[in-house]
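Tertiary structure, described
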Amino acid sequence: QVQLVESGGGLVQAGGSLRLSCAASGRTSSIYQMGWFRQASGKERDFVAHVRRHIGTTYYADSVKSRFTISREDAKNTVSLQTNDLNPGDTAVYYCAASRSITVGVAATREYDTWGRGTQITVSS
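First things first, this report covers the structure right here in the doc. It should be emphasised that the depicted structure is a prediction, and the values quoted were computed from it without experimental measurement. (Residues numbered from 1 in each chain as written. Predicted model: local features only at pLDDT ≥ 70, side-chain atom pairs only at ≥ 80, totals over all residues. Heavy atoms only, no water.)

A word on the side chain of Ser-80
Assignment of secondary structure puts Ser-80 in strand β8 (residues 78-83). Judged by relative accessible area, which is 9%, Ser-80 ranks as buried. Ser-80 has contacts with Arg-19, Leu-20, Ser-21, Trp-36, Thr-69, Ile-70 and Ser-71, leaving out every residue within four places of it along the chain. (Helix = DSSP H or I, 4+ residues; strand = E, 2+ residues; numbered from the N terminus. Buried < 20%, exposed > 50% of the residue type's maximum accessible area, 1.4 Å probe, protein only. Contact = heavy atoms within 4.5 Å.)

Points about the pattern of salt bridges
As a working rule, side chains carrying opposite charge can pair if their charged atoms are close by. This model, assessed by the stated rule, comprises seven salt bridges. As a salt-bridge pair, Asp-62 and Lys-65 come within 3.1 Å of each other at their nearest N and O atoms. We note a salt bridge from Lys-76 to Glu-73, for which the minimum N-O separation is 3.7 Å. On the accessibility criterion, Lys-76 (58% relative accessible area) is exposed. (Salt bridge = Lys/Arg side-chain N within 4 Å of Asp/Glu carboxyl O.)

Some thoughts on the pairing of strand β7 (residues 68-73)
Where β7 and β8 come together, six bridges link them in antiparallel fashion. Across the sheet, the residue bridging to Thr-69 is Gln-82, located in β8. (Pairing = 2+ DSSP bridges.)

Okay, here's the thing in structure tokens:
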């Protein structure tokens, strides 16, 4: 079993930054890839960013590319998401996700088998 705990959310003004962290515990050696998703109130959970452990390749949603950066520290079993130039459209609960399988894609929720409880980012205008 793998457990994920997110931290770092909060309230920020438009144009500001926040750094989210996701700490993995349990059978972390089984994790193949990790990602961040977000879910705004009343909307579906959307892909934000992905990183493949050990290899380090990354992939971003177009809406956050050049503003958000995903990074990993495999030795510490953590994945971070640096969010810059935030706008009210980024307001959502941000979820960390992990997959223990090799998947064809990386942007669908079905490709991840473990989820954290989420951390809220609220961006005021």
